[in-house]
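Chain and residue survey
Given next are the chains, with one letter for each unit.
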Amino acid sequence: MHLYCLQAMARVPKVLLRDLLGLAVTPGAVTLDVLEGAGQDVGRSCILVSIGGKNIMLDCGMHMGFNDDRRFPDFSYITQQGRLTEFLDCVIISHFHLDHCGALPYMSEMVGYDGPIYMTHPTKAICPILLEDFRKITVDKKGETNFFTSQMIKDCMKKVVPLNLHQTVQVDDELEIKAYYAGHVLGAAMVQIKVGSESVVYTGDYNMTPDRHLGAAWIDKCRPDILISESTYATTIRDSKRCRERDFLKKVHETVERGGKVLIPVFALGRAQELCILLETFWERMNMKAPIYFSTGLTEKANHYYKLFITWTNQKIRKTFVQRNMFEFKHIKAFDRSYADNPGPMVVFATPGMLHAGQSLQIFKKWAGNEKNMIIMPGYCVQGTIGHKILNGQKKLEMENRQTLEVKLQVEYMSFSAHADAKGIMQLIRMAEPRNMLLVHGEAKKMEFLKDKIEQEFTINCFMPANGETTTVITNPSVPVDISLNLLKREMALGGPLPDPKKPRTMHGTLIMKDNSLRLVSPEQALKELGLNEHQLRFTCRVQLQDPHSDPDTLSRIYTHLKSVLKGYTIQHLPDGTVMVESIVIKVSSSAEEPNTKVLLLSWSYQDEDLGSFLSTLLKKGLPSGLSSI
């Protein structure tokens, strides 16, 4: 199994994927090649996994911190010429955030890919809206070239195959995928990829804590060979959600009371709905009069999709939905850009969430110079964005046309981010019980700390590959076999204990392979099922023995010897001139030319193979002197 990350930061020496895929991989080894910076970077996710000869692309995101070609993954690592279709078996998108799906039309329509693209129903519905919204900002407003068109977005979405939760989808005869609930945002999914006995789980972004509108991530004990987990908050253990909410409401309330304006940059779906529900409830309870606005026309569409995909929300929202739709807000109105210049207090939710473009950046520029105002950053900001710069305390910002913007307003960071914290990541490992861990979508120093913690607590290997790094993971493929009830009953009847799943145990039976499953059954059951006649198979062995006695006396001496050595076995001296030990028959013969050289003929059935081998070794050593015959 190979794994490649295509999340470029610096350009490392290129290694062609087609050459790498030609390498012979030892069975039982998983090789992970990180060709670009997905491993130790937050900003764009694009990982290529090669498992059992199948190549799967996990996410296809863009980096918000760049305005040139570096925003897209470098697909020339896969092939320098021709389309990607012949190199990829499928593409899987975990959720609709642009750092996970933003490069999808560029990859499929401009580079060239015609295969299936898998994502959940909500992601399929919301993804093209966000892609078109970002295209308008980038191309129509900024005039950038080498970007995908509206038609390319539509053509790309025609290749999408929707996924249902917990549904196993056969991509082809060998490759299957299964989606699990990830929390994070509406429609986000973790995906299990399986080829034969090898499997990988990719988390995308996930949240182990339920919130006001989504449930917590969940996965069954699938024990994958590798769990690829995001590690955005690798060293953070967040305080209680209730404390954060109280602090958030207090800061908004104080700013509004002193006549200031509050800007909350958000992405259109996800944290926006979470914080809107919180403020709506507070405004109602406190009888607040200051207006709350939500920018962009996505609010109505967001409400539409939350109604449409109500089953993806949490239990409380689903339960109250019949009486009241929690996403129809009384106090939150649509924003018009002219409102930004209105006097007096107001609260504005504006997109996008990292202040890298769009309405949120325009409002920020207008309000930044007034110390009465406040900006609350509720989520992670990647390096290179305005959001990242102001969170790091930068007071003077160089904007477009070399203009300098002085930041006087209060800057607050309150993590309402729907990413798993360190505690949540550890919780997911306990759930899935992976054999190996791979950390992506994080910062190197924080990932190193978490890596040590995981290895110490779970005694499994944890990897955090950097650019150009190759990691080989040794796996132990297991082949599941069902055992028939009759065979287990027979084992019990013979006095043996029931098989313990934690301890190895030898069981004798017939292995039947049918419809890609294996069963161990009793020989009688196998013959009956397959309509075959029974044949007796016996092993024979000749042992030469030097003994001066007659053949009958030698046989008697063998009988006496075996009686003294084999306690607890059934040993018989039969009238036909043979000795039987269980199913093993022993005969003695000699030639007239060499009467002292006896030839012992041992014969046994396959059930007594171990005992037969023991007897032949014992008799080769000869009979003890002074042994009497009966």
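Residues numbered from 1 in each chain as written. Predicted model: local features only at pLDDT ≥ 70, side-chain atom pairs only at ≥ 80, totals over all residues. Heavy atoms only, no water.

If you check an unreviewed UniProt entry, the protein appears there as Integrator complex subunit 11 from Salvelinus namaycush. Per UniProt, the comment on the protein under Cofactor (unreviewed entry) is "Zn(2+)". According to UniProt, the comment filed for the protein under the heading Sequence similarities (unreviewed entry) is "Belongs to the metallo-beta-lactamase superfamily. RNA-metabolizing metallo-beta-lactamase-like family. INTS11 subfamily." (UniProt positions renumbered as here; feature names shortened; annotations may be inferred.)

1. A look at the packing of aromatic side chains
Remark: the centre distance and the inter-plane angle together describe each pair of aromatic rings, the angle taken between the planes. Applying the stated criterion across every chain, the model contains 12 aromatic pairs. Linked through ring pairs, Phe 72, Phe 75, Tyr 106, Phe 134, Phe 147 and Phe 148 together constitute an aromatic cluster. In this arrangement the basic side chain of Arg 71 is found over the ring face of Phe 72, its NZ or CZ atom lying 5.9 Å from the centre. (Phe/Tyr/Trp six-rings, centres within 6.5 Å; stacked < 30°, edge-to-face > 60°. Lys NZ or Arg CZ within 6 Å of the ring centre and 35° of its normal.)

2. Quick word on helix α5 (residues 150-157)
Along α5, the residues that are buried comprise Ile 153, Cys 156 and Met 157. Within α5, the buried residues cover an arc of 95 degrees as seen down the axis, which keeps them to one side. (Buried < 20%, exposed > 50% of the residue type's maximum accessible area, 1.4 Å probe, protein only. Helix = DSSP H or I, 4+ residues; strand = E, 2+ residues; numbered from the N terminus. Arc of directions from axis to C-beta.)

3. Side note on the sheet that holds strand β10 (residues 189-195)
Strand order across the open sheet formed by 7 strands is β8-β9-β10-β11-β12-β21-β22, with mixed pairing between neighbours. Both outer strands of the open sheet, β8 (168-170) and β22 (461-463), are each paired with one neighbouring strand and no more. Taken over all neighbouring pairs, the strand axes of this sheet differ in orientation by 20 degrees on average, direction set aside. Across 3 bridges, the pairing between β8 and strand β9 (residues 175-181) is antiparallel. Across the sheet, the residue bridging to Val 169 is Ile 177, located in β9. Running at roughly 160 degrees to strand β12 (residues 226-230), helix α12 (residues 422-432) makes contact with β10, β12 and β21 (436-440) of the sheet. Strands β21 and β22 of the sheet are contacted by helix α13 (residues 444-458), whose axis makes an angle of about 165 degrees with β21. (Pairing = 2+ DSSP bridges. Axes fitted to C-alpha atoms, helices over the stretch in contact; angles between N-to-C directions. Contact = heavy atoms within 4.5 Å.)

4. Let's talk about helix α7 (residues 271-286)
Look at α7: 22 Å from first C-alpha to last across 16 residues, which is about the 22 Å you get at 1.5 Å a residue. For α7, the tally of buried residues reaches 12 of 16 residues, placing the bulk of the element in the interior. Taken together, the buried positions of α7 are occupied by Arg 271, Ala 272, Gln 273, Glu 274, Leu 275, Cys 276, Ile 277, Leu 278, Leu 279, Glu 280, Phe 282 and Trp 283. Following α7 by one or two positions, Asn 287 adopts a phi angle in the positive range, close to 55 degrees. (Expected span 1.5 Å × (residues − 1).)

5. A closer look at the pairing of strand β11 (residues 198-202)
Counting buried positions over the 5 residues of β11 gives 5, a clear majority of the element. The side-chain alternation of β11 yields two buried faces, one formed by Glu 198, Val 200 and Tyr 202 and the other by Ser 199 and Val 201. The pairing of β10 with β11 spans 5 bridges and is classified as antiparallel. Each bridged residue has a counterpart across the sheet, and for Val 195 the counterpart in β11 is Glu 198. From the end of β10 to the start of β11, which pair antiparallel, there are 2 residues, and Gly 196 there has a positive phi angle of about 60 degrees. Note: β11 against β12, 3 bridges, orientation parallel. For Tyr 202, the partnering residue across the bridge sits in β12 and is Ile 228.

6. Here we look at the environment of Pro 128
Along the chain, Pro 128 falls in helix α4 (residues 121-141). Take Pro 128: its relative accessible area is 21%, and that puts it in the partly exposed class. Counting along the chain gives 29 residues from Pro 128 to Met 157, while the straight-line C-alpha distance between them is 7.3 Å. Setting aside residues up to four positions removed in sequence, Pro 128 forms contacts with Thr 123, Ile 153 and Met 157.

7. Concerning the sheet that holds strand β24 (residues 481-483)
Pairing is mixed in the open sheet, where 3 strands are placed in the order β24-β26-β25. Two strands in the sheet have a free side with no partner beyond their single neighbour: β24 and β25 (510-514). Taking each pair of neighbouring strands and ignoring which way they run, the sheet shows an average axis angle of 30 degrees. One ladder, built from 5 bridges, connects β25 with strand β26 (residues 517-521); its direction is antiparallel. Across the sheet, the residue bridging to Thr 510 is Val 521, located in β26. Packing against the sheet, helix α15 (residues 523-530) makes contact with β25 and β26, and its axis sits at approximately 125 degrees to β26.

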